[in-house]
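Residue-level structural notes
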Amino acid sequence: MSWLFGYKSQVPPQGGDGGPEPPGPPPSSAGSAGQMAGDANLTKAERKAMEAYRFDSSALERAAEAARTLERSKHAREALELSKMQENTRQQEYLAKVKEYEAHIEASKVEHKRVDHEERRKTLAEETKQQQQRAQYQDQLARKRYEEQLAQQQRVQEENLRKQEESVAKQEAMRRKTIEHEMELREKNKMKLLEAELRAKAKVDRENRDLTLEQIRLKAEENRITVMEGIKTAGSVLGQGATALLTDWNKVVTTVGGLSLLALGVYTAKGATGVTARYVEARIGKPSLVNETSRFSLLEALKHPIETVKRLKHKPTDALQGVVLQPKLEERLRDIAIATKNTKNNQGLYRNILMHGPPGTGKTMFAKRLATHSGMDYAIMTGGDVGPMGRDAVTAIHKVFDWANTSRRGLLLFIDEADAFLRKRSSEQISEDMRSALNAFLYRTGEQNPRFMLVLASNTPEQFDYAINDRLDEMVEFTLPGLAERERLVRLYFDKFVLQPAAEGKKRFKVEQWDYSAVCSKMANMCEGMSGREISKLGVSWQAACYASEEGILTEQMVLDRCEAAARQHRQKMAWLSEQEKLDHKSITGGKGFLTQ
């Protein structure tokens, strides 16, 4: 019934959320000017609240007039019912708006809580970041203080060391001054003593001067008389002999024949001495280029009689005894050993062999074993010894081959690092002396020989001259050991350098009990890329670790530590190689062949 009294139902204020605002009072009855001025001081929300409670008197008059008009109307009852229905509808709309407003208020609260939680999260994140920055700053300050303390300690130590050095230098200077003073005093004493002796001797000489002069005169007179008599005697004898010789023709003929025979003997002895010297050099001694040989030598036998006897009693053994290598390579080397032995027994022509591969893979060892197995002598020379000889290199090479041709048992001539003087003549800048040495070597190896066998060894065979490659009959590549070969090598050297000395009961050498087989397998994996020589040195380092311990007991950890150190050193050596050396270094880590002692 609000339309009867001239006002409408007011909706509660919506705040700042943009909801509908209730209509204000009519402008005709808005109140006095003073009231308007007072309302101007209120806020917007307060003014909206006040407008809901204002009373409009003109609305009552309109309502009364409307009521009288309605009572006179025949549709008054229907209008009243319609008004009630409209009022109910408005009330329901108002309730819906109230619920919507309440839902909006709840959503605003939820949003406010979400914003609050987000702000708290950001605040916590910022506080965490600040704490981390503060901790980092404190850590930097602590590190800076520690570095300053270290620098201060280092300065103090350097100052103490400088003071100690100055003190030692002062003491050394004082000691030198003391020694110099003592030596000066000794020299003065010696000079005074010598001066006193000279004075005494001069005094005695002055006192005995007359007697001395008389003795000198007598000796001179006797010497003159003796010389004159000797001259007279020699003159008379020579005169008589010459007279007798010239007067007797038979004596003249005898004298001429004796002088002729004397001259012939001198020249004959000179020639025989040269021939004998060459024979001794070829058969008894050894050439200067040969560093080691198993050939019997009288001089070596006199110098080392025990080793010579052992060598003579040594019987030929299997060329591959104690050798660890890949099966295919073992089969090939065994064929070479059998063929060489049968060639020696049947006095056939020996075949020249090239053995190439990384250092430490047993090329020299197999050459010695091959010679011993075949019943031959071996001689080892190095290609690097040829270059420094200059012009004498050609003569030295001829002496080596002359000496090799005199061997009765057959000689295996092993030239290690042969690429040092057998390089390519077309692409390498070599000196005339080296070119002459290469030509001499090619001249002496032009044909296969039944007296000696040539075996070359090199880490870079691609540097050989083509003529050298033409003289090679067999080429064998020795490569780094694979996993299976490394494990066999580790077991072999562990038994040789650790278990056998411990079993012999040597002083200060004991071994703890642990799983030797598992440890050897583990070390084989750790030694990847290492050569047999490096693994053998690892065995020696195990002994050194045991000798360095206080109780002389070798533990599992000591063995593994030495193996790790050896592997680390190997990697460092490989890192030091230049690019060209890395290209030349044939580090084949697959299961290939390898030799061991």
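The coordinates are above.
As a starting point, this report considers the structure included with it. (Residues numbered from 1 in each chain as written. Predicted model: local features only at pLDDT ≥ 70, side-chain atom pairs only at ≥ 80, totals over all residues. Heavy atoms only, no water.)

Most of strand S5 (residues 452–458) sits inside the fold, with seven of its seven residues counted as buried. Judged by which residues are buried, S5 turns out to be covered on both faces: Phe452, Leu454, Leu456 and Ser458 on one side and Met453, Val455 and Ala457 on the other are all buried. Direction of pairing for strand S2 (residues 353–356) relative to S5: parallel, over a ladder of four bridges. Of the residues in S5, the one forming a bridge with leucine 354 is leucine 456. Bridging between strand S4 (residues 411–416) and S5 involves five bridges; their strand directions are parallel. Opposite leucine 412, over in S5, you have methionine 453 as the bridge partner. (Buried < 20%, exposed > 50% of the residue type's maximum accessible area, 1.4 Å probe, protein only. Helix = DSSP H or I, 4+ residues; strand = E, 2+ residues; numbered from the N terminus. Pairing = 2+ DSSP bridges.)

Turning our eyes to something else, we now look at the pattern of salt bridges. Under the defined criterion, the tally for this structure stands at 21 salt bridges. With a closest N to O distance of 2.3 Å, glutamate 118 and arginine 121 form a salt bridge. Of the two residues, glutamate 118 and arginine 121 both sit in helix H5 (residues 76–207), three residues apart, roughly one turn of that helix. Here arginine 121 falls in the partly exposed class, since its relative accessible area comes to 48%. In this structure, the salt-bridge partner of glutamate 172 is arginine 175, at a minimum N-O distance of 2.3 Å. With glutamate 172 and arginine 175 both in helix H5 and three residues apart, the pair spans about one turn of that helix. The exposure class of glutamate 172 is partly exposed, given its relative accessible area of 29%. Look at the salt bridges and you will find they share partners, linking Glu159, Arg162 and Glu166 into a network. (Salt bridge = Lys/Arg side-chain N within 4 Å of Asp/Glu carboxyl O.)

With respect to the helices and strands, the residue glutamate 485 is situated in helix H15 (residues 483–503). Residue classification places glutamate 485 among the buried positions, given a relative accessible area of 8%. Distance in space between the C-alpha atoms of glutamate 485 and glutamine 326 is 7.6 Å, their sequence separation being 159 residues.

Among the nonpolar cores identified, the biggest contains 31 residues, and Ile415, Leu422, Phe441 and Leu456 are the most heavily contacted of them. Going through the elements one at a time, strand S3 (377–382), helix H12 (392–405), S4, helix H13 (432–444), S5 and helix H14 (466–470) are the ones with two or more residues in this core. Sorting elements by how many residues they give to this core places H12 first, with seven residues. Setting aside anything within four residues of it in sequence, one finds phenylalanine 441 in contact with Ile397, Phe401, Ile415, Phe421, Leu422, Leu454, Leu456 and Ile468. Grouped together as the second largest cluster of nonpolar side chains are 25 residues, Phe509, Val519, Cys527 and Val559 included. (Core = buried A, V, L, I, M, F, W, Y, C linked by side-chain atoms within 4.5 Å. Contact = heavy atoms within 4.5 Å.)

This part takes up a nonpolar patch on the surface. Together, Met191, Leu194 and Leu198 make up an exposed nonpolar region whose accessible area comes to about 300 Å². If you trace the backbone, methionine 191 turns up in helix H5. Residue class for methionine 191 comes out exposed when judged on its relative accessible area of 52%. (Patch = residues over 30% accessible without salt bridge, like charges linked within 9 Å, V, L, I, M, F, W, Y side chains within 5 Å. Areas by Shrake-Rupley, 256 points an atom, 1.4 Å probe, with all protein chains shown as cover.)

Under the definition given, this model contains nine aromatic pairs. Aromatic rings pair up to connect Phe401, Phe421, Phe441 and Phe452 into one cluster. (Phe/Tyr/Trp six-rings, centres within 6.5 Å; stacked < 30°, edge-to-face > 60°.)

Another point: helix H16 (residues 516–526). Residues Val519, Cys520, Met523 and Ala524 constitute the buried set of H16. One side of H16 carries all its buried residues, which in axial view fall inside an arc of 140 degrees. (Arc of directions from axis to C-beta.)

Pairing is mixed in the open sheet, where six strands are placed in the order S1-S3-S4-S5-S2-S6. Every other strand in the sheet has two partners, leaving strand S1 (290–293) and strand S6 (474–477) as the edge strands with one partner each. This sheet shows a mean twist of 20 degrees between the axes of neighbouring strands, independent of strand direction. Both S3 and S4 contribute to a ladder of six bridges, which runs parallel. Bridge pairing in S4 places alanine 379 opposite leucine 413. Taken strand by strand, helix H11 (residues 363–374) contacts S1, S2, S3, S4 and S5, and its axis lies near 175 degrees from that of S4. (Axes fitted to C-alpha atoms, helices over the stretch in contact; angles between N-to-C directions.)

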